[in-house]
Amino acid sequence: MAFTSSLFPLLVKQRLARDGFLRMAENDEIELAWIEAYLMHDPFESAANGRRQPHEHPWSRIYSENVIGEKLRRRLEEQMRGIDWNNLPEGG
């Protein structure tokens, strides 16, 4: 149920976007790309293993390592494309 509360809105947005009624946010697209990684983990795994810190949950790790990592990669790539490599300042 916990996962469904996240998955269902993403699937609705995906369907609306496919039908031309909505433009999906980049974050939603990235999360959908990693949906299989979320599905591979039991949502109660951290509680069963005695972990109490929310950042230790597998879903938090997937989000921080993959979703945030992908967003960072895209921002860096965008910034690198904006550099005028022929007009860099001379080193001193």
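Residues numbered from 1 in each chain as written. Predicted model: local features only at pLDDT ≥ 70, side-chain atom pairs only at ≥ 80, totals over all residues. Heavy atoms only, no water.

(A) Region of the structure containing the pattern of salt bridges. Counted under the stated rule, the structure contains 9 salt bridges. Where Arg-73 meets Glu-77, a salt bridge forms, and the shortest distance between an N and an O atom there is 3.0 Å. Of this pair, Arg-73 and Glu-77 both sit in helix H5 (residues 58–81), 4 residues apart, which is roughly one turn of that helix. Looking at Arg-73, the relative accessible area reads 39%, which means it is partly exposed. In this structure, Arg-75 and Glu-78 form a salt bridge, with 3.8 Å as the shortest nitrogen-oxygen distance. Of the two residues, Arg-75 and Glu-78 are both situated in helix H5; the distance of 3 residues between them amounts to about one turn of the helix. One connected set of salt bridges, linked through shared partners, spans Glu-26, Glu-70, Arg-73, Arg-74, Arg-75, Glu-77, Glu-78 and Arg-81. (Salt bridge = Lys/Arg side-chain N within 4 Å of Asp/Glu carboxyl O. Helix = DSSP H or I, 4+ residues; strand = E, 2+ residues; numbered from the N terminus. Buried < 20%, exposed > 50% of the residue type's maximum accessible area, 1.4 Å probe, protein only.)

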